[in-house]
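Chain residues, written in single-letter form:
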Amino acid sequence: MADTKIYFLDGGTLLLDGFHIWWNQGPGGGVRIPSYSVLIEHDEGRFLIDTGFDYDHTMKYLAFEQPTQTPEQTIPGALKLLGLEPKDVGVVFNTHFHFDHCGGNKYFPHAKKICHKDEIPQACNPEVFEHLGYSDLSFSVEAAEARGRADELTHGQTAANTTFETIEGDVELAKGVHLFFTPGHTVGNYAVMIERAKDRPMMLVLDTAYTKRSLDTLCQASFHLDPAQGVRSMMRIRDLAEKHDAELFFSHDIEAFKGYKTGPDFYS
Ligand code: 5PN
Ligand code: ZN
Ligand code: ZN
């Protein structure tokens, strides 16, 4: 039994207004946020949690977010820092399908792909205020066709190689890798807790709470489907983190991210 290793794949940054990050709280003004994916090297295989944003997509649809992404911050580039290629990843789990979490799915036609059962239907037919969040449809032929955007599938995606296995509720993805259903931010959003052999579990809050202050003050991002449900999900994550004495990691907190191990440096 090898110890599980957890790698943060730095995916670059985006610019958001403070009132988008901290809904109804602010302060306003431009704030750079990190975007990352998480690779879990586990006895049962290599699991990738989310796939970051695609630079070209972001420039086309959300140029106001002024994306920055070096070659090392693309999915193939970040894996290369670990001596890996996309084909070395067996399973991709998407916590939800906002563009900054699925932009690199196109590199994994061979992988088993997993998401919540309601996320693809929602990406196919989002609420009007969700259209920008669910703007990158390259993860799914079904979603791209439903939105009349099949012309954006440029990496050989087919119905077969973009098929997802769907889940609902809490699921143990692999031994000690727990997916906690935390809807509100999106219809099928998840947080992920990873047990470690000799250290506290890691709670990847992901978009359930963008920053430490978000979780501390139950202040979610302005991008959400159901804010009341989002608050309940944040409270649930706080309870679970306390119960398991987990170390918290936030999805879009630049100050916290500066302290995270990235590249070949890993958690175990
Ligand atoms: C980073 C970011 N920017 C815009 C949106 C949006 O409209 O829904 C989700 C989202 C983001 O995560
Ligand atoms: Zn999101
Ligand atoms: Zn996000």
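Scoring rules and cut-offs
- Residues numbered from 1 in each chain as written.
- Chains lettered and ligands numbered in written order.
- Predicted model: local features only at pLDDT ≥ 70, side-chain atom pairs only at ≥ 80, totals over all residues.
- Heavy atoms only, no water.
- Donors = N, O, S within 2.8 Å, 3.2 Å for Na, K, Ca; no water.
- Tetrahedral: all angles 85-135°; square planar, octahedral: opposite > 155°, others 65-115°.
- Helix = DSSP H or I, 4+ residues; strand = E, 2+ residues; numbered from the N terminus.
- Buried < 20%, exposed > 50% of the residue type's maximum accessible area, 1.4 Å probe, protein only.
- Pairing = 2+ DSSP bridges.
- Axes fitted to C-alpha atoms, helices over the stretch in contact; angles between N-to-C directions.
- Near = heavy atom within 4 Å.
- Polar contact = N/O pair within 3.5 Å; in protein donor to acceptor, adjacent residues only side chain to side chain.
- Phe/Tyr/Trp six-rings, centres within 6.5 Å; stacked < 30°, edge-to-face > 60°.
- Lys NZ or Arg CZ within 6 Å of the ring centre and 35° of its normal.

For the zinc ion (ligand 2), the full set of protein donor atoms is His96 (NE2), His98 (ND1), His185 (NE2) and Asp207 (OD), at a range of 2.1 to 2.2 Å. Considering all four donor atoms around the zinc ion (ligand 2), angles at the metal cover 90 to 168° and the coordination shape is irregular. Written as a sequence motif, the donor arrangement for the zinc ion (ligand 2) is H-x1-H-x86-H-x21-D. Between the zinc ion (ligand 2) and the zinc ion (ligand 3), both coordinated by Asp207, there is a metal-metal distance of 3.5 Å. Separated by 89 residues along the polypeptide, His96 in the loop between strand E4 (91–93) and helix H4 (99–102) and His185 in the loop between strand E8 (177–181) and strand E9 (190–194) bring together distant segments of the chain. Residue classification places His96 among the buried residues on the basis of a relative accessible area of 0%.

So, on to the sheet that holds strand E1 (residues 5–17). The strand order across the open sheet built from six strands is E1-E2-E3-E4-E5-E6, with neighbouring strands paired in mixed fashion. The strands lining the two open edges of the sheet, one partner per strand, are E1 and strand E6 (164–167). With direction set aside, neighbouring strand axes in the sheet form an average angle of 25°. In this structure, strand E2 (residues 30–42) lies alongside strand E3 (residues 45–49), joined through five bridges in antiparallel fashion. Bridge pairing in E3 places Leu39 opposite Leu48.

By nearness alone, every residue bordering ligand 1 is listed as Leu14, Leu16, Glu65, His98, Phe99, Asp100, Leu132, Gly133, Tyr210 and Phe223. Within the side chain of Asp100, a nitrogen or oxygen atom sits 3.1 Å from an oxygen atom of ligand 1. Backbone polar atom of Gly133 to an oxygen atom of ligand 1: 3.3 Å apart, as the coordinates give it. Mapped by element, the contributors of at least two residues to the shell around ligand 1 are E1 and H4.

Here the distance between the centres and the angle between the planes together describe a pair of aromatic rings. Evaluated as defined, the whole model comprises 15 aromatic pairs. Judged by centre distance (5.3 Å) and plane angle (85°), the rings of Phe97 and Phe164 are edge-to-face. Separated by 67 residues along the polypeptide, Phe97 in the loop between E4 and H4 and Phe164 in strand E6 bring together distant segments of the chain. Both residues of the pair, Phe97 and Phe164, belong to the buried class. Here a set of aromatic residues connected by ring pairs shows up, and it is made of Phe8, Tyr36, Phe249, Phe257, Tyr260 and Tyr267. Over the aromatic face of Trp22 sits the side chain of Arg213, whose NZ or CZ is 4.1 Å from the ring centroid. A cation over an aromatic ring shows up here: Lys261 above the ring of Tyr267, its NZ or CZ 5.0 Å from the ring centre.

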